[in-house]
Amino acid sequence: MTPNRDGRTGDILIVDDERDIRELISDILKDEGFTTRLAANSDDCMTQINAEAPALMILDIWLKDSRMDGIDILKTVKRDNPDVPVVIISGHGNIEIAVAAIKQGAYDFIEKPFNIDQLMVVITRAMETSRLRRENASLRRRDVTSSEMIGSSAAFRGLRANLDKVTKSNARVMLTGQPGSGKEVAARYIHVNSNRASGPFVSVSSASVEPERMEEVLFGRESAERGVEKGLLEQAHGGIVYFDEVADMPPGTQSKILRVLVDQQFTRVGGSDKVRVDLRVISSTTRDLAAEIAAGRFRQELYDRLNVVPITVPSLADRREDIPELARHFVAMFNRTQGLPLRALSEEAEALMQTMAWPGNVRQLRNVIERALILGDGPGPIEARELPGQGPGGEGDEGRIVLSGGLATLPLREARELFEREYLLTQINRFGGNISRTANFVGMERSALHRKLKSLGVVTTAKSGARIAQFEDEPLETEDELGE
C-alpha cells in the first residue's frame, strides 16, 4: 500500500487483535474508496504510525499480547500526531472507558458489535474535521513572501524557463545569486507549481539560527516535561524545505542533514523513535561553495546531494528592462497591503531607476518604492527627484548636473570621451543589450552607434540569457564627433 503524498487523504489504520474484525472493517472501508492498513498489536501499530501517520485510526481498547493497551496508544498518538483522529472501539464498553478515551483525545467511542452505518458516519465526520484542521493550520503557516514572478527581459525569461523545467520533478535544486535577487521567490515559484503545492513550504534561515540550537530547530525534540516538539523538517513533511544560505549551516548539522537526504528519516533530539519524512529540498547561497568546500567549511558530499540542478538567479543589473515593471508591481502591492498611494511612475523616474546601481537588487528596489510612497510629494507620478540621491545636493539650484570631482579635473576631450562611454554603456544595459532600442533613445543611427561603441571600446556579451555591455581591455580609440 502506498499512502497519498500528504499521508492524510483516505489512509485508515485499523488496530484490533481479532483478525476477522480487522479484515471486516477493512473490506467495508475499501468498498467506500478508502485505503487501509492493519495492525494486530501495539508494536505493529507504532511501526505503522512511525512509517507514515494515517488519516484516521480505528483502535480497539483491549489488545492481546501487546505492550500497550488502546489508551496507552491513544496517548502516544495524540502526543506525537495530534491532528490524527482516533475512533475507539471495544467489546467491553462502559461509560468509564468511553469517558477516559474522550478525555485522552479520542474523536468518538463505538461499542462492539457496531452498526456499519454508524461507523461510517463517525469516520466521515472525523475525516472532515481533520481536513478542516489541516487547512486552517496550512493557512496559518503560510508566509507572506510572494511566489509571483515579475519580468519580461531575456534574463528573466531564461530563469523562469529553468524553473519550469524542475517544478514537476522531485529533484533537489540549488539557487545561486546575489543577496536580494529573489532566490526565495524562485523557490516558492517551484513549490506552487509543483505536485507538492498543497503541502507546506518551510523556510530554514541557516544564518539566523544559533549553531547550538540548529539541530533542535530542524529535528525537533522530546522531553518528559514538554512532550514532542516538532522541528522544521517534520513540519515540512509532504512539501518542500528551503535551506536559505545553506553555507551558514554548522558543520555538525551538515552531516546529519546529509543522512536525512539519504534515509528520509531522523531522530528527534532527546528521542529514540525514527521519524520518517517525505521532503523535497531546495537550497540557496550567495557564496562560492567550491571555495567553502576547499576551506573545509562545507561538506563535499552534502554539496553533491543538494546541487543536483543548479540554477542562477540573475541580479537586477542583469535585467534592467524589468525595473519599471517591478516598480509598478511594488506600488500596487503596497497600495493593496498597506493602503499607500497608488502612484504612477514618471518617464524620468523609470529611466533613472534603470541606470542606478542596485547592490541590494530586487529587495533594494522594493524598499526604494516603499520609501517613495511613504514620503511622496502627493498623488501624482513618482518623480526622479524622489529617488535616492536625487534630492537636495544631487542637482544644482537651477537644475544643472553636478560633476564628480574626477570628471571635473579632466580636459574637455577626455571628459567627453569618458562621459560618452559611461552613458552609452548604461543605456545599452538599460535596454537589455538591444542596440536598436538604444540607438532610437539616444537619437543616433544604428550604424553610427556601432561605430561609436567600437571607438569607445564598448562590447556586448551574453550573460544570464541577455546581452550585457562592458568595456574591452584594449586601449580606446577616439572620435571628435558623436554620431556619423
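Our subject is the structure that appears above.
Not measured: the values here are computed from a predicted model.

Calculation notes
- Residues numbered from 1 in each chain as written.
- Predicted model: local features only at pLDDT ≥ 70, side-chain atom pairs only at ≥ 80, totals over all residues.
- Heavy atoms only, no water.
- Phe/Tyr/Trp six-rings, centres within 6.5 Å; stacked < 30°, edge-to-face > 60°.
- Helix = DSSP H or I, 4+ residues; strand = E, 2+ residues; numbered from the N terminus.
- Buried < 20%, exposed > 50% of the residue type's maximum accessible area, 1.4 Å probe, protein only.
- Pairing = 2+ DSSP bridges.
- Axes fitted to C-alpha atoms, helices over the stretch in contact; angles between N-to-C directions.
- Polar contact = N/O pair within 3.5 Å; in protein donor to acceptor, adjacent residues only side chain to side chain.
- Contact = heavy atoms within 4.5 Å.

Enquirer: How do you make sense of the packing of aromatic side chains when you look at a structure like this?
Expert: Think of a pair of aromatic rings as described by two things: how far the centres are apart, and how the planes are tilted against each other in angle. The full count for this structure, using the stated rule, is four aromatic pairs. Here Phe219 and Phe266 contribute two aromatic rings whose centre-to-centre distance is 5.4 Å and whose plane-to-plane angle is 45°, an arrangement assigned as tilted. Note that Phe219 is positioned in helix H8 (residues 214-219) and Phe266 in strand S11 (residues 265-267), a separation of 47 residues in sequence. Here Phe219 and Phe266 have matching classes, each one buried. When the ring of Phe419 is compared with that of Tyr423, the centres are 5.5 Å apart and the planes differ by 25°; the resulting orientation is stacked. Placement of the pair is Phe419 and Tyr423 together in helix H17 (residues 412-430), with a separation of four residues, close to one helical turn. For Phe419, a relative accessible area of 48% puts it in the partly exposed group. Under the relative-accessibility criterion, Tyr423 is labelled partly exposed at 30%.

Enquirer: Looking at this structure, how should I read the sheet that holds strand S7 (residues 201-205)?
Expert: Through backbone hydrogen bonds, the strands of a sheet pair up, either in parallel or in antiparallel fashion. On the basis of which strands lie adjacent, the open sheet formed by five strands has the order S7-S10-S13-S6-S14 and parallel pairing. Single-partner strands in this sheet number two, and they are S7 and strand S14 (309-312). Neighbour to neighbour, the strand axes of the sheet diverge by 20° on average, direction disregarded. Alignment of strand S10 (residues 240-244) against strand S13 (residues 280-285), held across four bridges, turns out to be parallel. From the neighbouring strand, Ile240 faces S13, where its bridge partner is Arg280.

Enquirer: Sorry if this is basic, but what is going on with the side chain of Arg319 here?
Expert: Structurally, Arg319 can be placed in the loop between S14 and helix H13 (323-338). One polar contact links Arg319 to Asp322, side chain to side chain, over a distance of 2.9 Å. Sequence-distant contacts of Arg319, that is, excluding residues within four places in its chain, are made with Ile150, Gly151, Ser153, Ala155, Phe156, Pro314, Leu326 and Val362.

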